[in-house]
Amino acid sequence: MARKDIPGQASLVFDVALLDLHNPKDSISIENKVVPENCERISQSGDFLRYHYNGTLLDGTLFDSSYSRNRTFDTYIGQGYVIPGMDEGLLGVCIGEKRRIVVPPHLGYGEEGRGNIPGSAVLVFDIHVIDFHNPSDSISITSHYKPPDCSVLSKKGDYLKYHYNASLLDGTLLDSTWNLGKTYNIVLGSGQVVLGMDMGLREMCVGEKRTVIIPPHLGYGEAGVDGEVPGSAVLVFDIELLELVAGLPEGYMFIWNGEVSPNLFEEIDKDGNGEVLLEEFSEYIHAQVASGKGKLAPGFDAELVVKNMFTNQDRNGDGKVTAEEFKLKDQEAKHDEL
(Lines give C-alpha, C1' and ligand atoms only; values in the text may rest on other atoms or scores of the structure.)
Protein backbone atom coordinates (compact mmCIF):
# COMPACT_ATOMS: atom_id res chain seq x y z
CA MET A 1 0.00 0.00 0.00
CA ALA A 2 1.46 3.33 -1.05
CA ARG A 3 1.29 6.25 1.35
CA LYS A 4 -0.28 8.46 -1.36
CA ASP A 5 -3.37 6.24 -1.21
CA ILE A 6 -3.93 7.06 2.46
CA PRO A 7 -5.73 10.33 3.26
CA GLY A 8 -4.13 12.62 5.77
CA GLN A 9 -5.17 12.19 9.42
CA ALA A 10 -6.90 8.86 8.53
CA SER A 11 -7.36 6.14 11.12
CA LEU A 12 -6.22 2.79 9.71
CA VAL A 13 -7.58 -0.71 10.40
CA PHE A 14 -5.41 -3.78 9.72
CA ASP A 15 -6.81 -7.35 9.80
CA VAL A 16 -3.78 -9.50 10.56
CA ALA A 17 -3.36 -13.27 10.47
CA LEU A 18 -0.23 -14.23 12.38
CA LEU A 19 1.39 -17.15 10.56
CA ASP A 20 4.33 -17.64 12.87
CA LEU A 21 6.94 -15.83 14.86
CA HIS A 22 10.39 -16.55 16.17
CA ASN A 23 13.31 -14.91 17.84
CA PRO A 24 16.78 -15.09 16.29
CA LYS A 25 17.96 -16.54 19.58
CA ASP A 26 15.47 -19.42 19.45
CA SER A 27 16.72 -22.98 19.42
CA ILE A 28 14.68 -25.97 18.33
CA SER A 29 11.97 -27.28 20.62
CA ILE A 30 10.97 -30.90 21.18
CA GLU A 31 7.30 -31.60 21.87
CA ASN A 32 4.86 -34.50 22.15
CA LYS A 33 7.50 -37.13 22.77
CA VAL A 34 6.24 -40.73 22.77
CA VAL A 35 9.09 -42.98 23.89
CA PRO A 36 8.87 -46.79 23.87
CA GLU A 37 9.16 -48.46 27.27
CA ASN A 38 12.11 -50.52 26.12
CA CYS A 39 14.74 -48.03 24.97
CA GLU A 40 18.14 -49.69 25.22
CA ARG A 41 19.98 -47.20 23.01
CA ILE A 42 19.60 -43.58 21.91
CA SER A 43 20.89 -42.05 18.70
CA GLN A 44 24.15 -40.14 18.64
CA SER A 45 26.22 -38.21 16.14
CA GLY A 46 27.44 -40.47 13.33
CA ASP A 47 24.47 -42.85 13.47
CA PHE A 48 22.49 -43.61 10.32
CA LEU A 49 18.78 -43.12 10.98
CA ARG A 50 15.64 -44.13 9.06
CA TYR A 51 12.50 -42.21 9.94
CA HIS A 52 9.12 -41.11 8.65
CA TYR A 53 7.95 -37.51 8.94
CA ASN A 54 5.25 -35.00 8.15
CA GLY A 55 6.59 -31.48 7.61
CA THR A 56 4.20 -28.56 8.17
CA LEU A 57 4.21 -24.84 8.79
CA LEU A 58 3.02 -23.51 12.15
CA ASP A 59 -0.47 -22.95 10.68
CA GLY A 60 -0.68 -26.66 9.77
CA THR A 61 0.05 -26.31 6.05
CA LEU A 62 1.69 -29.54 4.89
CA PHE A 63 4.79 -28.99 2.75
CA ASP A 64 6.29 -32.49 2.68
CA SER A 65 5.71 -36.04 3.89
CA SER A 66 7.73 -39.24 3.66
CA TYR A 67 4.51 -41.19 4.19
CA SER A 68 3.18 -39.93 0.85
CA ARG A 69 6.23 -41.48 -0.84
CA ASN A 70 5.85 -44.70 1.17
CA ARG A 71 9.56 -44.55 1.93
CA THR A 72 11.52 -43.50 4.99
CA PHE A 73 13.95 -40.62 4.93
CA ASP A 74 17.41 -42.05 5.59
CA THR A 75 20.38 -39.99 6.73
CA TYR A 76 23.44 -39.75 8.93
CA ILE A 77 22.80 -37.42 11.84
CA GLY A 78 24.98 -34.87 13.56
CA GLN A 79 27.14 -34.48 10.46
CA GLY A 80 25.43 -31.76 8.43
CA TYR A 81 23.53 -33.91 5.95
CA VAL A 82 20.20 -32.31 6.94
CA ILE A 83 19.22 -28.84 8.10
CA PRO A 84 20.83 -27.92 11.46
CA GLY A 85 17.53 -28.04 13.35
CA MET A 86 16.82 -31.61 12.26
CA ASP A 87 20.44 -32.62 12.80
CA GLU A 88 20.01 -31.58 16.42
CA GLY A 89 16.44 -32.79 16.86
CA LEU A 90 17.25 -36.35 15.74
CA LEU A 91 19.92 -36.81 18.41
CA GLY A 92 18.95 -38.74 21.53
CA VAL A 93 15.98 -40.57 20.00
CA CYS A 94 14.99 -44.19 20.61
CA ILE A 95 14.00 -46.72 18.00
CA GLY A 96 10.23 -46.47 17.67
CA GLU A 97 10.07 -43.02 19.25
CA LYS A 98 7.72 -40.34 17.98
CA ARG A 99 8.41 -36.65 18.58
CA ARG A 100 7.63 -33.19 17.22
CA ILE A 101 10.59 -31.00 16.31
CA VAL A 102 9.92 -27.28 15.87
CA VAL A 103 12.68 -25.60 13.87
CA PRO A 104 13.15 -21.80 13.66
CA PRO A 105 14.15 -20.52 10.21
CA HIS A 106 17.80 -19.77 11.08
CA LEU A 107 18.13 -23.52 11.83
CA GLY A 108 15.98 -24.46 8.85
CA TYR A 109 15.82 -22.95 5.37
CA GLY A 110 16.52 -19.37 6.38
CA GLU A 111 15.19 -16.19 4.83
CA GLU A 112 15.12 -17.64 1.33
CA GLY A 113 13.07 -20.76 2.03
CA ARG A 114 13.05 -23.62 -0.46
CA GLY A 115 10.45 -24.92 -2.91
CA ASN A 116 7.04 -24.56 -1.26
CA ILE A 117 8.59 -23.54 2.06
CA PRO A 118 8.27 -19.74 2.50
CA GLY A 119 11.26 -17.66 3.53
CA SER A 120 11.76 -17.20 7.30
CA ALA A 121 9.18 -19.91 8.06
CA VAL A 122 9.11 -21.86 11.32
CA LEU A 123 8.92 -25.56 10.47
CA VAL A 124 7.23 -28.39 12.34
CA PHE A 125 8.36 -32.00 11.82
CA ASP A 126 6.36 -34.86 13.30
CA ILE A 127 8.73 -37.82 13.10
CA HIS A 128 8.61 -41.55 13.77
CA VAL A 129 11.98 -43.27 14.16
CA ILE A 130 11.97 -46.65 12.40
CA ASP A 131 15.52 -47.73 13.19
CA PHE A 132 19.11 -46.55 13.36
CA HIS A 133 22.58 -48.03 13.43
CA ASN A 134 26.19 -46.98 13.47
CA PRO A 135 28.62 -48.06 10.72
CA SER A 136 30.83 -49.52 13.46
CA ASP A 137 28.05 -51.81 14.76
CA SER A 138 28.49 -55.58 14.65
CA ILE A 139 25.69 -58.09 15.01
CA SER A 140 23.90 -58.61 18.31
CA ILE A 141 23.10 -62.13 19.53
CA THR A 142 20.66 -62.96 22.32
CA SER A 143 20.21 -66.64 23.16
CA HIS A 144 16.75 -67.47 24.52
CA TYR A 145 17.09 -71.22 24.96
CA LYS A 146 19.83 -73.82 24.98
CA PRO A 147 19.18 -77.56 25.44
CA PRO A 148 20.84 -79.35 28.38
CA ASP A 149 23.43 -80.84 26.03
CA CYS A 150 24.84 -77.95 24.04
CA SER A 151 28.38 -79.20 23.54
CA VAL A 152 28.47 -79.58 19.74
CA LEU A 153 28.63 -76.06 18.30
CA SER A 154 28.31 -74.97 14.68
CA LYS A 155 31.44 -73.95 12.80
CA LYS A 156 32.56 -73.08 9.31
CA GLY A 157 31.84 -75.90 6.87
CA ASP A 158 28.96 -77.41 8.84
CA TYR A 159 25.66 -78.07 7.09
CA LEU A 160 22.80 -76.43 9.01
CA LYS A 161 19.03 -76.69 8.84
CA TYR A 162 17.14 -73.98 10.71
CA HIS A 163 13.90 -72.06 10.96
CA TYR A 164 13.70 -68.28 11.16
CA ASN A 165 11.39 -65.30 11.29
CA ALA A 166 12.88 -62.20 9.67
CA SER A 167 11.50 -58.80 10.64
CA LEU A 168 12.35 -55.12 10.87
CA LEU A 169 13.03 -53.45 14.20
CA ASP A 170 9.48 -52.09 14.24
CA GLY A 171 8.15 -55.66 14.13
CA THR A 172 7.20 -55.75 10.43
CA LEU A 173 7.51 -59.40 9.33
CA LEU A 174 9.54 -59.82 6.14
CA ASP A 175 9.85 -63.59 5.80
CA SER A 176 9.31 -66.80 7.76
CA THR A 177 10.36 -70.37 7.09
CA TRP A 178 7.78 -71.49 9.63
CA ASN A 179 5.06 -69.99 7.44
CA LEU A 180 6.55 -71.73 4.40
CA GLY A 181 6.68 -75.05 6.25
CA LYS A 182 10.31 -75.86 5.38
CA THR A 183 13.72 -75.18 6.86
CA TYR A 184 16.44 -73.01 5.38
CA ASN A 185 19.56 -75.06 4.69
CA ILE A 186 23.10 -73.72 4.24
CA VAL A 187 26.76 -74.61 4.52
CA LEU A 188 28.16 -72.23 7.13
CA GLY A 189 30.93 -69.99 5.85
CA SER A 190 30.25 -70.68 2.17
CA GLY A 191 28.67 -67.32 1.31
CA GLN A 192 25.13 -68.69 0.98
CA VAL A 193 23.66 -66.07 3.36
CA VAL A 194 24.51 -62.45 4.21
CA LEU A 195 27.61 -62.02 6.35
CA GLY A 196 25.68 -61.02 9.48
CA MET A 197 23.55 -64.17 9.30
CA ASP A 198 26.65 -66.31 8.78
CA MET A 199 28.18 -64.74 11.90
CA GLY A 200 24.94 -65.16 13.86
CA LEU A 201 24.75 -68.90 13.17
CA ARG A 202 28.25 -69.62 14.52
CA GLU A 203 28.78 -71.51 17.79
CA MET A 204 25.13 -72.57 17.96
CA CYS A 205 23.92 -76.00 19.07
CA VAL A 206 20.98 -78.04 17.80
CA GLY A 207 17.81 -77.00 19.60
CA GLU A 208 19.11 -73.56 20.51
CA LYS A 209 16.91 -70.52 19.92
CA ARG A 210 18.41 -67.07 19.50
CA THR A 211 17.71 -63.61 18.15
CA VAL A 212 20.27 -62.06 15.81
CA ILE A 213 20.12 -58.32 15.00
CA ILE A 214 22.01 -57.45 11.82
CA PRO A 215 22.99 -53.90 10.79
CA PRO A 216 22.63 -53.18 7.06
CA HIS A 217 26.36 -53.19 6.29
CA LEU A 218 26.33 -56.86 7.37
CA GLY A 219 22.95 -57.48 5.76
CA TYR A 220 21.48 -56.20 2.50
CA GLY A 221 23.18 -52.81 2.52
CA GLU A 222 21.86 -49.51 1.21
CA ALA A 223 20.10 -51.17 -1.73
CA GLY A 224 18.09 -53.72 0.26
CA VAL A 225 16.10 -56.24 -1.75
CA ASP A 226 13.55 -54.72 -4.11
CA GLY A 227 10.04 -55.28 -2.82
CA GLU A 228 11.25 -57.32 0.16
CA VAL A 229 13.86 -55.59 2.34
CA PRO A 230 14.07 -51.77 2.60
CA GLY A 231 17.44 -50.18 1.89
CA SER A 232 19.66 -49.58 4.96
CA ALA A 233 17.30 -51.56 7.19
CA VAL A 234 18.37 -53.20 10.44
CA LEU A 235 17.11 -56.80 10.41
CA VAL A 236 15.97 -59.07 13.24
CA PHE A 237 16.16 -62.86 12.83
CA ASP A 238 14.57 -65.20 15.37
CA ILE A 239 16.31 -68.52 14.74
CA GLU A 240 15.95 -72.13 15.85
CA LEU A 241 18.67 -74.59 14.79
CA LEU A 242 17.14 -77.98 14.00
CA GLU A 243 19.96 -80.02 12.48
CA LEU A 244 23.75 -79.87 12.20
CA VAL A 245 25.88 -82.11 9.98
CA ALA A 246 29.55 -81.69 10.76
CA GLY A 247 31.59 -80.36 7.87
CA LEU A 248 35.05 -81.39 6.74
CA PRO A 249 38.36 -79.74 7.64
CA GLU A 250 38.89 -76.48 5.78
CA GLY A 251 40.14 -77.05 2.25
CA TYR A 252 38.72 -80.57 1.93
CA MET A 253 35.68 -81.69 -0.07
CA PHE A 254 36.25 -85.41 0.62
CA ILE A 255 37.98 -87.29 3.44
CA TRP A 256 38.68 -90.90 4.31
CA ASN A 257 37.25 -92.23 7.56
CA GLY A 258 40.02 -94.81 7.92
CA GLU A 259 43.28 -95.87 6.41
CA VAL A 260 43.73 -95.23 2.70
CA SER A 261 44.44 -98.26 0.56
CA PRO A 262 48.05 -98.35 -0.65
CA ASN A 263 46.68 -99.56 -3.99
CA LEU A 264 44.08 -96.81 -4.33
CA PHE A 265 44.65 -96.05 -8.01
CA GLU A 266 44.45 -99.73 -8.93
CA GLU A 267 41.17 -100.10 -6.99
CA ILE A 268 39.63 -97.17 -8.88
CA ASP A 269 40.96 -98.42 -12.22
CA LYS A 270 38.71 -101.47 -12.30
CA ASP A 271 39.44 -102.44 -15.90
CA GLY A 272 43.18 -102.20 -15.25
CA ASN A 273 43.99 -100.17 -18.37
CA GLY A 274 46.06 -97.62 -16.48
CA GLU A 275 43.53 -94.85 -17.04
CA VAL A 276 40.59 -93.70 -14.90
CA LEU A 277 37.62 -92.01 -16.52
CA LEU A 278 35.11 -89.77 -14.72
CA GLU A 279 32.53 -92.57 -14.61
CA GLU A 280 34.96 -94.93 -12.87
CA PHE A 281 36.12 -92.25 -10.48
CA SER A 282 32.56 -91.19 -9.57
CA GLU A 283 31.39 -94.76 -9.03
CA TYR A 284 34.31 -95.48 -6.72
CA ILE A 285 33.92 -92.33 -4.60
CA HIS A 286 30.17 -92.83 -4.17
CA ALA A 287 30.79 -96.44 -3.15
CA GLN A 288 33.22 -95.31 -0.44
CA VAL A 289 30.68 -92.82 0.87
CA ALA A 290 27.89 -95.40 0.86
CA SER A 291 30.03 -97.88 2.82
CA GLY A 292 31.10 -95.25 5.35
CA LYS A 293 34.75 -95.40 4.34
CA GLY A 294 34.69 -91.86 2.94
CA LYS A 295 32.74 -88.63 3.41
CA LEU A 296 31.87 -85.82 1.01
CA ALA A 297 31.45 -82.26 2.26
CA PRO A 298 27.79 -81.93 3.32
CA GLY A 299 25.39 -79.49 1.75
CA PHE A 300 26.96 -79.36 -1.70
CA ASP A 301 25.98 -81.04 -4.97
CA ALA A 302 27.75 -84.42 -4.65
CA GLU A 303 28.09 -84.93 -8.40
CA LEU A 304 29.64 -81.51 -8.83
CA VAL A 305 32.07 -82.12 -5.97
CA VAL A 306 33.17 -85.45 -7.47
CA LYS A 307 33.55 -83.88 -10.90
CA ASN A 308 35.75 -81.13 -9.42
CA MET A 309 37.83 -83.74 -7.63
CA PHE A 310 38.33 -85.59 -10.91
CA THR A 311 39.22 -82.39 -12.76
CA ASN A 312 41.87 -81.59 -10.16
CA GLN A 313 43.41 -85.03 -10.71
CA ASP A 314 43.21 -84.74 -14.49
CA ARG A 315 46.17 -82.40 -14.61
CA ASN A 316 46.60 -82.31 -18.37
CA GLY A 317 42.88 -81.98 -19.02
CA ASP A 318 42.58 -84.93 -21.42
CA GLY A 319 39.53 -86.43 -19.68
CA LYS A 320 41.37 -89.29 -17.96
CA VAL A 321 43.63 -89.73 -14.96
CA THR A 322 46.81 -91.80 -15.09
CA ALA A 323 48.83 -93.23 -12.21
CA GLU A 324 51.45 -90.52 -12.79
CA GLU A 325 48.84 -87.77 -12.41
CA PHE A 326 47.07 -89.31 -9.42
CA LYS A 327 48.06 -87.82 -6.04
CA LEU A 328 46.50 -87.62 -2.60
CA LYS A 329 46.11 -84.27 -0.85
CA ASP A 330 49.03 -84.84 1.49
CA GLN A 331 51.18 -85.56 -1.54
CA GLU A 332 50.33 -82.23 -3.15
CA ALA A 333 48.87 -79.68 -0.75
CA LYS A 334 47.58 -77.29 -3.35
CA HIS A 335 44.85 -79.75 -4.42
CA ASP A 336 41.83 -80.65 -2.29
CA GLU A 337 40.44 -83.58 -4.20
CA LEU A 338 41.41 -86.52 -1.97
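All figures in this text were calculated on a predicted structure; none of them were measured in a lab. (Residues numbered from 1 in each chain as written. Predicted model: local features only at pLDDT ≥ 70, side-chain atom pairs only at ≥ 80, totals over all residues. Heavy atoms only, no water.)

## Description of the overall build of the protein
So, step 1. Helices and strands together make up the secondary structure of the protein, namely 7 helices and 16 strands.
So, step 2. Its C-alpha atoms give the protein a radius of gyration of 32 Å, clearly above 20 Å, the size a compact globule of 338 residues would have.
So, step 3. For the protein, the proportion of contacts with a sequence separation of at least 24, taken over those separated by at least 6, is 68%.
So, step 4. As displayed, the protein offers around 19000 Å² of accessible surface, 50% of which is attributable to carbon and sulfur atoms.
So, step 5. Of note, the protein has its 29 positive side-chain charges centred 4 Å away from the centre of its 52 negative side-chain charges. (Helix = DSSP H or I, 4+ residues; strand = E, 2+ residues; numbered from the N terminus. Rg over C-alpha atoms; globule rule 2.2 N^0.38 Å. Contact = heavy atoms within 4.5 Å. Areas by Shrake-Rupley, 256 points an atom, 1.4 Å probe, with all protein chains shown as cover. Lys, Arg positive; Asp, Glu negative; His and termini not counted. Charge placed at Lys NZ, Arg CZ, Asp CG, Glu CD.)

## Some details on the UniProt feature "domain: PPIase FKBP-type" (unreviewed entry) in the protein
So, step 1. UniProt tags residues 46-133 and 157-245 as "domain: PPIase FKBP-type" (unreviewed entry).
So, step 2. Here residues 46-133 runs as 11% helix and 40% strand, with 9 Å between its end C-alpha atoms.
So, step 3. Its end C-alpha atoms 9 Å apart, residues 157-245 is made of 11% helix and 39% strand. (UniProt positions renumbered as here; feature names shortened; annotations may be inferred.)

## Structural notes on helix α7 (residues 302-313)
So, step 1. End to end, α7 covers 17 Å across 12 residues, agreeing with the expected 16 Å (1.5 Å per residue, within 8%).
So, step 2. By the burial criterion, the buried members of α7 are Val 305, Val 306, Met 309, Phe 310 and Gln 313. Down the axis of α7, the smallest arc covering the buried residues is 135°, so these residues share one side.
So, step 3. Considering only its buried residues, α7 is in contact with β13 (254-256), β14 (275-276), α6 (278-291), β15 (294-296) and β16 (321-322).
So, step 4. N-cap assignment for α7: the residue whose side-chain oxygen lies 3.0 Å from the backbone N of Glu 303 is Asp 301. (Expected span 1.5 Å × (residues − 1). Buried < 20%, exposed > 50% of the residue type's maximum accessible area, 1.4 Å probe, protein only. Arc of directions from axis to C-beta. Polar contact = N/O pair within 3.5 Å; in protein donor to acceptor, adjacent residues only side chain to side chain.)

## Section: the state of the cysteines
So, step 1. If you walk through the whole model with that rule in mind, you get 2 disulfides.
So, step 2. Between the sulfur atoms of Cys 39 and its disulfide mate Cys 94 the distance is 1.8 Å. One disulfide, between Cys 39 and Cys 94, carries an S-S torsion of -90° and so falls in the left-handed class. With Cys 39 in the loop between β1 (29-34) and β2 (48-57) and Cys 94 in the loop between α2 (84-89) and β5 (98-103), the pair connects residues that are 55 residues apart, well separated along the chain.
So, step 3. Judged by its relative accessible area of 30%, Cys 39 is partly exposed.
So, step 4. There is a disulfide in this structure between Cys 150 and Cys 205, and the S-S distance comes to 2.0 Å. (Disulfide = S-S within 2.5 Å.)

## Digging into the pairing of strand β8 (residues 159-168)
So, step 1. For β8, a buried count of 8 out of 10 residues is recorded, marking the element as mostly surrounded by other parts of the structure.
So, step 2. Of the strand pairs in this sheet, β8 and strand β12 (residues 235-245) are connected by 10 bridges, and their pairing is antiparallel. Counted as the bridge partner of Tyr 164 is Ile 239 from β12.
So, step 3. In terms of strand pairing, β8 meets strand β9 (residues 173-176) through 3 bridges, oriented antiparallel. Among the inter-strand pairings, Ala 166 is bridged to a residue of β9, identified as Asp 175. (Pairing = 2+ DSSP bridges.)

## Some remarks on unusual backbone geometry
So, step 1. Even without being a glycine, Ser 120 presents a positive backbone phi close to 60°.
So, step 2. Mapped onto the fold, Ser 120 is located in the loop between β5 and β6 (123-133).
So, step 3. The exposure class of Ser 120 is partly exposed, given its relative accessible area of 31%.

## Here we look at the layout of surface pockets
So, step 1. There is about 650 Å³ of room inside the largest pocket.
So, step 2. Taken together, 25 residues line the largest pocket, and the ones lying closest to its centre are Glu 40, Arg 41, Ile 95, Leu 169 and Ile 213.
So, step 3. Taken together, the elements giving at least two residues each to the lining of the largest pocket come down to β6, β7 (140-145) and β11 (209-214).
So, step 4. Of the domains in this structure, domain 1 (29-133) and domain 2 (140-245) are the two that each give at least three residues to the lining of the largest pocket.
So, step 5. There is about 350 Å³ of room inside the second largest pocket.
So, step 6. Around the second largest pocket, the lining comprises 15 residues; the ones closest to its centre are Arg 50, Asn 70, Arg 71, Thr 72 and Pro 230.
So, step 7. Looking at the lining of the second largest pocket residue by residue, the classes come out as 5 nonpolar, 4 polar and 6 charged. (1 Å grid on protein atoms, 1.4 Å probe; cavity = no way out; pocket = protein on both sides within 12 Å on 5 of 7 lines; lining within 4 Å. Points joined across faces, edges and corners; volume = space filled by probe spheres on them. Domains from an automatic or database assignment. Nonpolar A, V, L, I, M, F, W, Y, C, P; charged D, E, K, R; others polar.)

## Examining α6
So, step 1. The end-to-end C-alpha separation of α6 is 20 Å, in line with the 20 Å expected for 14 residues at 1.5 Å each.
So, step 2. Those residues of α6 that fall on the buried side of the exposure criterion are Glu 280, Phe 281, Ser 282, Tyr 284, Ile 285 and Gln 288.
So, step 3. For α6, the secondary structure elements touched by its buried residues are β13, α5 (264-268), β14, β15 and α7.
So, step 4. Downstream of α6 by a residue or two, Gly 292 has a phi angle that is positive, lying close to 85°.

## A word on the domain arrangement of the protein
So, step 1. By domain assignment, the protein separates into domain 1 (29-133), domain 2 (140-245) and domain 3 (255-322).
So, step 2. Counting residues at the interface gives 8 residues for domain 1, matched by 11 residues for domain 2.
So, step 3. When the buried surface of domain 1 facing domain 2 is broken down by residue, Arg 50, Asp 131 and His 133 rank first, second and third, together holding 59% of it.
So, step 4. Our enumeration of links across domain 1 and domain 2 arrives at 0 salt bridges.
So, step 5. For the interface between domain 1 and domain 2, the tally reads 1 residue pair in polar contact (both at pLDDT 80 or more). (Buried area = accessible area lost by both parts, 1.4 Å probe. Salt bridge = Lys/Arg side-chain N within 4 Å of Asp/Glu carboxyl O.)

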